[in-house]
Amino acid sequence: MESLRIPRRQVEARLVLDDGSSLEGHLFAGWVGADRRPETVQERLNDAAEEFLALARGEDRFLLNKAGIVLCEVREGQGELERLAGTGGRRVPVRMTLVGGVGLVGTLRIVMPPERSRVLDYLNSAPRFVAIEGSGKVTLVQRRFIVTVRSEDG
């Protein structure tokens, strides 16, 4: 049956859930496209076809409902920063407050047409999880848990 397994790669991550708990472990991501490039954690979290994702903590394996994930941090050196850096876009420094008072400071990459490139436009049309770059990590934040955003533009 080993031949029927879908190949996955493991990405080390820290997740904060809507109940306030924090989990560290490895998320499973795959490969996408005809060129079989590594799937990013952001793509995995934003995959609308799947509501659950697997997390490994040592020998323990369990499923997490994406709806309950407030944020997911992926440290530098696992390809997330490098893959985001290749997407271009305008970089905007932001300060976010999330449900529960969690604060984040970092940079959003806004890839939008020039006439709709404000932070407001981006957040209103962004996928479920948006990436904030900063301090050698990417933090993927579920939009529904964002309370305030401060930036230099609207």
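Below or above, wherever it landed, is the structure these notes cover.

Cut-offs used in this document
Residues numbered from 1 in each chain as written. Predicted model: local features only at pLDDT ≥ 70, side-chain atom pairs only at ≥ 80, totals over all residues. Heavy atoms only, no water. Helix = DSSP H or I, 4+ residues; strand = E, 2+ residues; numbered from the N terminus. Buried < 20%, exposed > 50% of the residue type's maximum accessible area, 1.4 Å probe, protein only. Contact = heavy atoms within 4.5 Å. Pairing = 2+ DSSP bridges.

### Digging into the overall build of the chain
From N to C terminus, the chain includes 3 helices and 12 strands. Per-residue burial over the chain gives 41% buried out of 154 residues. Counting only contacts in the chain whose residues sit at least 6 apart along the sequence, the fraction spanning at least 24 positions is 57%.

### Re the environment of G134
Inspection of the secondary structure assignment puts G134 in strand β10 (residues 129-134). Sequence-wise, G134 and V105 are 29 residues apart; in three dimensions their C-alpha atoms are separated by 7.2 Å.

### Thoughts on unusual backbone geometry
For R36, which is not glycine, the phi dihedral falls at a positive 55°. Relative to the assigned elements, R36 resides in the loop between β3 (31-32) and β4 (37-38). On the basis of relative accessible area, R36 is assigned to the partly exposed category, the value being 47%. Even without being a glycine, S135 presents a positive backbone phi close to 50°. Looking at the element boundaries, S135 is found in the loop between β10 and β11 (137-142). You can call S135 exposed: its relative accessible area is 69%.

### Observations concerning the pairing of β11
Regular strands show a simple pattern: their side chains alternate between the two faces of the sheet. Summarising burial for β11: 6 of the 6 residues are buried, a large majority. Side-chain alternation along β11 places K137, T139 and V141 on one buried face and V138, L140 and Q142 on a second face that is also buried. Relative to β11, strand β7 (residues 69-75) is paired through 5 bridges, and the arrangement is antiparallel. Its bridge partner lying in β11, E73 is registered against T139. Of the pairings in the sheet, the one linking β10 to β11 comprises 6 bridges and is antiparallel in character. Following the sheet pairing, G134 is matched in β11 by K137.

### Some points on the pairing of strand β8 (residues 90-98)
Sheet topology note: the β8/strand β9 (residues 103-110) ladder contains 8 bridges and is antiparallel. When the bridges of β9 are listed, T97 appears paired with G103. Following β8, the chain reverses through 4 residues before pairing antiparallel with β9; G100 in that reversal takes a positive phi of roughly 90°. For β8 and strand β12 (residues 146-151), the ladder comprises 5 bridges, and the chain directions are antiparallel. Opposite R95, over in β12, you have R150 as the bridge partner.

Geometry only, nothing functional implied.
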